[in-house]
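What the coordinates show
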Amino acid sequence: MRRASSFASSVLSRTFSTVHDGGAVNLRPRLLQVALFCSSRTHNSRHRWFSPLLDSFSKNSAQVVSLGLAGVVASVATAASVYAKEPPPAEVMPKEVVLYQYEACPFCNKVKAFLDYYDIPYKVVEVNPLSKKEIKWSDYKKVPILMVDGQQLVDSSAIIDQLGEKILPKKTKASVADEDEETKWRRWVDNHLVHVLSPNIYRNTSEALESFDYITSNGNFSFTEKITVKYAGAAAMYFVSKNLKKKYNITDERAALYEAAETWVDALNGRNFLGGSKPNLADLAAFGVLRPIRYLRSGRDMVEHTRIGEWYSRMEKVVGEPSRIKA
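Each chain carries its own residue numbering, running from 1 in the direction its sequence is written. Where totals are concerned, whole chains, interfaces and linings use all residues; where local detail is concerned, this predicted model gives features only for residues with pLDDT of at least 70, and gives and counts side-chain atom pairs only at 80 or more. Processing note: side-chain calculations cover all non-hydrogen atoms of the structure and skip hydrogens and water entirely.

Operational definition: UniProt positions are given in the numbering used here, feature names are shortened, and annotations may be inferred rather than shown by experiment.
As annotated in an unreviewed UniProt entry, the protein carries the name Prostaglandin E synthase 2 and is attributed to Hibiscus sabdariffa. For the protein, the Pathway (unreviewed entry) comment in UniProt is given as "Lipid metabolism; prostaglandin biosynthesis." In its Sequence similarities (unreviewed entry) section, UniProt records this for the protein: "Belongs to the GST superfamily."

Dropping the structure here:
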């Protein structure tokens, strides 16, 4: 405990600064980068009533029923296709993908949203931000790091671009306007949306503690580190968030978050996704960075007070469960 107390004191006496460098979270200072995140059952027996019902119809009536059923099936198939994942062809699927990450890091979650949507299996290595031992082999000291068949990819947006070139079939020629829109909103996610998250997550001491509960529960920490990081980190980040507000000219944290959410919904312009009937890379980027906060108080408030909830629910359905496999 003496060691933990000493560590906490040293943390609180430091000057903290955030580094969002090209979609990566810097590992220094160590605590700060952690804080930045970084059945249904079918009853076949109950369906037997349907057969005698059909038998009771005349031939013409049966044809009408058949057409109606076909229409229902077609409608369901169409709806399913809208929310289908898009796995790449088997011949270009990587043999081994390993993601070095922090569970709560928005940039790491952006990469995971891409991998999950395209159904690419990957292993996760949770990096301990205090010792950094998991990435000591790399000269690049930020997360995410993605190893694809032995090749190191870094910087979340660059990772997505490079991996996309390797595994996705060539897109049909989209209009220049569509490509420009996707690029514009991917940049907006990196340059604006992520910057309003930290001031909201650490807005007050209770929200800061809630966030560090999540971070320490999902991170790679020993018991002593969990206790130390939770309380020292929450206290430190409460003060850091105040500096971030000044840096990014934020006067009201929630108002800034709500405004960003509404800006995104306005960009959808009535579409299910920015990409139209299915997500594009901007959808995946926005969903990825919001994923770590969705069920924290700030994320719950965002969904309650803005129109973003429907889009987020659609994204949850289409991205689905993580494609990760045990390391």
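Additional details are given in the paragraphs that follow.
Considering the pattern of salt bridges
Here is the rule we go by: In the sections that follow, a salt bridge refers to a side-chain nitrogen of Lys or Arg positioned within 4 Å of a carboxyl oxygen of Asp or Glu. Each helix is a run of DSSP H or I of at least 4 residues and each strand a run of E of at least 2, with the numbering of both proceeding from the N terminus. With a 1.4 Å probe rolled over the protein chains alone, any residue whose accessible area is under 20% of its type maximum counts as buried; one over 50% counts as exposed, and the rest are partly exposed.
Evaluated as defined, the whole model comprises 15 salt bridges. In this structure, D301 and R254 form a salt bridge, with 3.1 Å as the shortest nitrogen-oxygen distance. Placement of the pair is D301 in helix α13 (residues 297–305) and R254 in helix α11 (residues 253–268), with a sequence separation of 47 residues. R254 gets classed as buried once you look at its relative accessible area, which sits at 6%. Connected through salt bridges with shared partners, the residues R203, E207, R254 and D301 form a single ionic network.

Some points on the packing of aromatic side chains
Formally: Planes of paired rings set the category: under 30 degrees apart is stacked, over 60 is edge-to-face and the rest tilted, where pairs are Phe, Tyr or Trp rings (Trp by its six-membered ring) whose centres lie within 6.5 Å.
Counted according to the given criterion, the structure contains eleven aromatic pairs. Considering the side-chain rings of W188 and W264, the 6.1 Å spacing of their centres and the 15° angle between planes classify their relative orientation as stacked. In this pair, W188 is assigned in helix α7 (residues 176–191) and W264 in helix α11, connecting sequence segments 76 residues apart. W188 gets classed as buried once you look at its relative accessible area, which sits at 14%. Seen in terms of ring centroids, W264 and W311 are 5.4 Å apart; in terms of plane orientation they differ by 65°. Their pairing is edge-to-face. Of this pair, W264 sits in helix α11 while W311 sits in helix α14 (residues 309–319); the two residues are 47 residues apart in sequence, bridging distant segments of the chain. Of the two residues, W264 and W311, neither departs from the other in class, the shared state being buried. Chaining the aromatic ring pairs together yields one cluster made of W185, W188, W264, F287, W311 and Y312.

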